[in-house]
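Analysis of the macromolecular model
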Amino acid sequence: MELITPLVIGLLYAAGLYMMMRRSFVKLVIGLLMIGHGTNLLIFTSAGLVRGKPPLIDPGAKVLPAGTTDPLAPALILTAIVISFAVVSYTMVLVKRTYQELGTDDLAEMRTTDR
Amino acid sequence: MNFLVVSPILIPILTAMLCMTLWGRLRVQRVLSLVGAVALLACSVTLLVLVDRNGAAVSQAGGWAAPFGISFVADRLSAIMVSLVGLCAVAVIVYAIGSLDHRRESMGFHALAHAMLSACSGAFLAGDMFNVYVWFEVMLLSSFVLLTLGGERGQLEGAIKYVALNLLSSTIFLTALGILYGIVGSLNMADIGLRIRSASDPSDIAMLTALSMLFLTSFGVKAAAFPFFFWLPASYHTPPPAISALFAGLLTKVGAYMLIRVFTVVFTTDQGIVGPTIAVMAALTMLVGVLGALAQKEMRRILSFMVIGPIGFILMGLGVAITATARADALAETLGAGVGEVLALRTAAALALGGSVFYLLHDIVVKTNLFLIAGVVLKIKGCAEVDKIGGLYRSHPKLALLFMIPALSLAGFPILSGFWPKLALVRGGLQAEAFGVVAVALVASLLTILVVLRLWAEVFWKNQPEPVQGDFCAMGFSGAGRPFRKPLMYAPIAGLAAVTLTIGLGAGPIWGLAQRAANDLLHPAPYTYAVLGDEGLERLDALGVPEHPRTRLTSAPIDADLHAEGHHP
């Protein structure tokens, strides 16, 4: 697992950045999504991958036994997923509105505010 | 005290929620919004006064003790920043009621503006890195909607660029957070700071320095610092003036604040490398900002570039302070902590960082005001392109006078508010022997005068040019709907100008405050004690940082030095 996840994360970042460099802004959104997934996996991995040891405290015990999964990382990821859901929903609406207004999805044609 | 620390977050979020539930009732929303803004200002100023008197105040969310729960920390810098959020809130809400078109105002402006204010306060007060990320996202989402409110073509185009780059920067921030948690195993800023100080393995330190560069990139995008500023001039001039003013005053400053916070409290490794990097970024930011402003023709685009330039000055103080501290630490190891050179470098660091804090404080007021004034010009002329308008000095002398105060302050004319922080920055830079960045700062200041005088000459002094047949104003803005209410637009401008004058004329106490805030940041003890209590101080002692004062209040040997040498403006 420790070998596979970094490869997947790297692939997601690379693919996401590649998509963001494209001229179409639909691909920009897809790229953002891919990087977001990569980031979530990265948090998951960097907190340490432990198999089959959920962070449960035995009845009677007061502290977590050593070697269990870190429960904080999934909590962070859940928050990040909720946030990215909201952000992506907004971005989709923005992209649709912009396409309706401009009649193009080519980023290179959106230069009126830069002049 | 506990409630007071989180009140700058709770009051606006409550106002936003109430405004949401009263969707169709604009009049009630306006009253609520104004009351909320005034309450925010009152609470945050009270917080500032108390924090300045008693030292940093902390609220632990849910009563969970510090490294485990989420802390909200109001030290002097945070309290200064939330007070300015309150000030901006009052000014912009009054102005928006007087100027914003009916359609935009009834489509949730008040709710969104307060959501954004709450997120800004949250980011300033958060003592937990992940919490900062959450506030950043809340701030971004509300600013996205504010930016596109009304859905005009320019706004949508600007928004795509703004959204794409800011989301990328958030993702970089989250990536850096994930790696940081993996290495350090904590999210509380004070706790991370202590753990990073105790890192001794060279490979860990190298990794942490690389990681700090990820944070630098991410916050650099938010602050619109040199290589990452492109989204700002592409978007800030597109929404209605009230919204631009809110953005210009607060949003990039959150990034600048986070840079100051992260590189003083959290990352203290390899300061000899990080400091000069920030200083170079700062120098280039100043130059790009001012040269960009000289090349532009539309008033609000000129001002957009003038949002970028000052970020350079703020970062300059940070870079100089970090470099000087690193050199002082290195010298103290060989020569001893009490040697004159070491003390001189520490004084220089405090001067430069104090200059940054003062600049931050002055710039929020001035920048908000200049965008508000640009909005009035836009209402009067229907256009803000400088070669198509003119003659405002003759027709609106009061407006011209009100423009002079923030504009000359921005340029840094003596006795106005922009002069003092620049003086401190330059003195600190010279004392720390950072001659390159000081030279760039002086050149940039000189060119800023040119930008300001050009605005004055083109917009106010010269006669109104004859309109050319078939010529239209490309960046015109449809402010239709309701004729604007002049007093409601002039009152916040006059108020902010008065604040600028007060800061300039009463610079002594403000400088004292900025200096105390800088001392809090340069010594780990006050912040650590506030968040982690005695346990934090014990851990700090175990690390062996004996030259740092251990008291809760900033005992200020450096401050005293300054008074003795007469550096006090």
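**Observations regarding the overall build of chain A**
For chain A, the helix and strand inventory stands at 3 helices and 0 strands. The C-alpha radius of gyration computed for chain A amounts to 20 Å, which surpasses the reference 13 Å derived for 115 residues by more than 25%, pointing to a less compact arrangement than a globule. Relative to its full complement of 115 residues, chain A shows a buried share of 28%. Put simply, of all contacts in chain A between residues at least 6 apart along the chain, 53% involve residues at least 24 apart.

**Some details on the overall build of chain B**
Helices and strands together make up the secondary structure of chain B, namely 21 helices and 2 strands. By the compact-globule yardstick of 25 Å for 569 residues, chain B fits well, its C-alpha radius of gyration being 23 Å. Burial status across chain B gives 63% buried among its 569 residues. Long-range pairs, those at least 24 residues apart, make up 82% of the contacts in chain B with a sequence separation of at least 6.

**Observations concerning the interface of chain B and chain A**
With 27 residues of chain B at the interface, the matching set in chain A holds 27 residues. Only helix H5 (129-148), helix H6 (153-184) and helix H9 (231-235) of chain B provide two or more residues apiece to the side of chain B that touches chain A. Of all the elements, H6 of chain B adds the most residues to the side of chain B that touches chain A, at 17 residues. Looking at the side of chain B that touches chain A, its residues break down into 14 nonpolar, 10 polar and 3 charged.

**Brief notes about the confidence of the model for chain B**
All names here are of chain B. Of the residues in chain B, 92% have a pLDDT of 70 or more, and the chain-wide mean is 87. Per-element confidence in chain B is highest for helix H3 (residues 76-99), whose mean pLDDT is 94, and lowest for helix H21 (residues 557-565), whose mean pLDDT is 39. Note that pLDDT drops below 50 for residues 474-482; the model gives that stretch 17 contacts with residues more than four away or on any other chain. Note on residues 546-569: pLDDT is under 50 here. Beyond four places in sequence and across chains, it has 41 contacts. Taken over the whole predicted complex, pTM reads 0.91, whereas the ipTM for its chain interfaces reads 0.93.

**Thoughts on the packing of H3 of chain B against helix H18 (residues 486-505) of chain B**
A pair of packed helices is characterised by two quantities: the angle between their axes and the separation of those axes. Residue and element names in this part refer to chain B. Across the interface, H3 lies against H18 with an axial gap of 7 Å and an inter-helix angle of 160 degrees. Between H3 and H18, the interaxial angle falls into the category roughly antiparallel. In terms of crossing hand, the pair formed by H3 and H18 is left-handed. Contacts from Leu87, Ala91, Val94, Tyr95, Ile97, Gly98 and Ser99 of H3 reach H18 at Leu488, Met489, Ala491, Pro492, Gly495, Leu496 and Val499. A breakdown of the residues in the contact of H3 with H18 according to their chemical character gives 11 nonpolar, 3 polar and no charged.

**Some details on the pairing of strand S2 (residues 71-74) of chain B**
Residue and element names in this part refer to chain B. Here S2 shows a buried face lined by Ser71 and Val73 and a second buried face lined by Phe72 and Ala74. Here 4 bridges tie strand S1 (residues 57-60) to S2, and the two strands are oriented antiparallel to one another. In the strand pairing of S2, alanine 57 is matched with alanine 74.

**Things to note about the environment of threonine 269 of chain B**
Residue and element names in this part refer to chain B. For threonine 269, the position within the fold is in the loop between helix H10 (241-266) and helix H11 (271-295). The partly exposed category is assigned to threonine 269, around which 19 C-beta atoms lie within 10 Å. Along the primary structure threonine 269 and leucine 208 are separated by 61 residues, whereas in three dimensions their C-alpha atoms are 7.4 Å apart.

**Thoughts on helix H1 (residues 4-21) of chain A**
Residues and elements named next belong to chain A. With 18 residues, H1 extends 26 Å between its outermost C-alpha atoms, agreeing within 8% with the 26 Å of an ideal straight helix rising 1.5 Å per residue. The complete set of buried residues in H1 reads Ile9, Leu12, Tyr13, Gly16 and Met20. Considered in projection along H1, the buried side chains sweep an arc of 95 degrees and stay on one side of the axis. In H1, the exposed positions that point more than 90 degrees away from the buried face belong to Ile4, Leu7, Gly10, Leu11, Tyr18 and Met21. Those residues of H1 that are buried lie in contact with helix H2 (25-46).

**Considering unusual backbone geometry**
Residue and element names in this part refer to chain B. Phi angles above zero are rare outside glycine, and alanine 224 is one such case at about 60 degrees. Structurally, alanine 224 is set in the loop between helix H8 (202-223) and H9. Here the phi dihedral of glutamate 433 falls at roughly 60 degrees; this positive angle occurs in a residue that is not glycine. For glutamate 433, a count of 14 C-beta atoms within 10 Å gives the class partly exposed.

**Observations regarding the nonpolar core**
All names here are of chain B. With 250 residues, the main nonpolar core has Ala123, Leu315 and Ala349 as its most contacted residues. Ranked by residues supplied to this core, first place goes to helix H13 (residues 340-381) with 24 residues. Ignoring sequence-local partners within four residues, the contact set of alanine 123 consists of Val132, Trp135, Phe136, Met139, Val254 and Met258.

**Details of the environment of leucine 14 of chain B**
Position of leucine 14 of chain B relative to the elements: it lies in helix H1 (residues 2-21). The partly exposed category is assigned to leucine 14 of chain B, around which 16 C-beta atoms lie within 10 Å.

**Looking at the environment of leucine 410 of chain B**
Residues and elements named next belong to chain B. Tracing the backbone shows leucine 410 in helix H15 (residues 397-411). Exposure remark for leucine 410: the 28 C-beta atoms within 10 Å place this residue in the buried category. Taking C-alpha positions, leucine 410 is 32 Å from glycine 151, a pair spaced 259 residues apart along the chain.

**Quick notes on helix H12 (residues 299-335) of chain B**
Residues and elements named next belong to chain B. When the terminal C-alpha atoms of H12 are compared, their 54 Å separation across 37 residues agrees well with the 54 Å that a helix rising 1.5 Å per residue should span. Counting buried positions along H12 gives 30 out of 37 residues, so the element sits mostly inside the fold. One or two steps after H12, the chain reaches glycine 336, where phi turns positive at roughly 105 degrees.

**Side note on the packing of H6 of chain B against H8 of chain B**
All names here are of chain B. In contact at an axis separation of 8 Å, H6 and H8 are set at 155 degrees when each is read in the N-to-C sense. In terms of orientation, H6 and H8 fall into the roughly antiparallel class. In terms of crossing hand, the pair formed by H6 and H8 is left-handed. Note on element contacts: H8 touches H6 through Asp204, Met207, Leu208, Leu211, Leu214, Phe215, Thr217, Ser218, Val221 and Lys222, opposite Leu165, Asn166, Ser169, Ile172, Phe173, Thr175, Ala176, Ile179, Leu180 and Ile183. Of the residues belonging to the contact of H6 with H8, the class tally is 13 nonpolar, 5 polar and 2 charged.

Calculation notes
- Per chain, the residues get numbers from 1 upward, laid out in the order the sequence is written.
- Chains carry letters and ligands carry numbers; both start at the beginning, A for chains and 1 for ligands, and go up in the order they are written.
- Reporting in this predicted model follows two pLDDT cut-offs: at least 70 for local features of residues, and 80 or more for side-chain atom pairs to be given and counted; totals over whole chains, interfaces and linings ignore these cut-offs and use all residues.
- The way it works is that DSSP assigns letters per residue, a run of H or I at least four long becomes a helix, a run of E at least two long becomes a strand, and they are numbered from the N terminus.
- Radius of gyration means the value over C-alpha atoms here, while the globule rule gives 2.2 Å times the residue count to the 0.38 power.
- Exposure classification rests on a simple neighbour count of other C-beta atoms within 10 Å of a residue's own: a residue reaching 20 or more is buried, one at 12 or fewer is exposed, and one in between is partly exposed. C-beta atoms are placed from the backbone.
- Once C-beta atoms have been placed from the backbone, residue pairs whose C-beta atoms lie within 7 Å are recorded as contacts.
- Gly counts as polar in this scheme, as do all residues outside two lists: the nonpolar Ala, Val, Leu, Ile, Met, Phe, Trp, Tyr, Cys and Pro, and the charged Asp, Glu, Lys and Arg.
- The predictor reports its confidence for every residue as pLDDT, a score running from 0 up to 100.
- Note on geometry: axes are C-alpha line fits, over the in-contact stretch for helices, and angles between N-to-C directions span 0 to 180 degrees.
- With respect to orientation, any angle under 35 degrees is reported as roughly parallel, any angle over 145 as roughly antiparallel, any angle of 65 to 115 as roughly perpendicular, and every other angle as oblique.
- In this scheme the crossing of two helices becomes right-handed for a clockwise turn of the near helix relative to the far one and left-handed for an anticlockwise turn of less than a right angle.
- Pairing between two strands is assigned when DSSP locates at least 2 bridges connecting them.
- Helix span is expected to be 1.5 Å times the residue number reduced by one.
- To be clear, the arc concerns the directions from the helix axis to the C-beta atoms.
- Put simply, a nonpolar core is a cluster of buried Ala, Val, Leu, Ile, Met, Phe, Trp, Tyr and Cys residues tied together by C-beta atoms within 7 Å.

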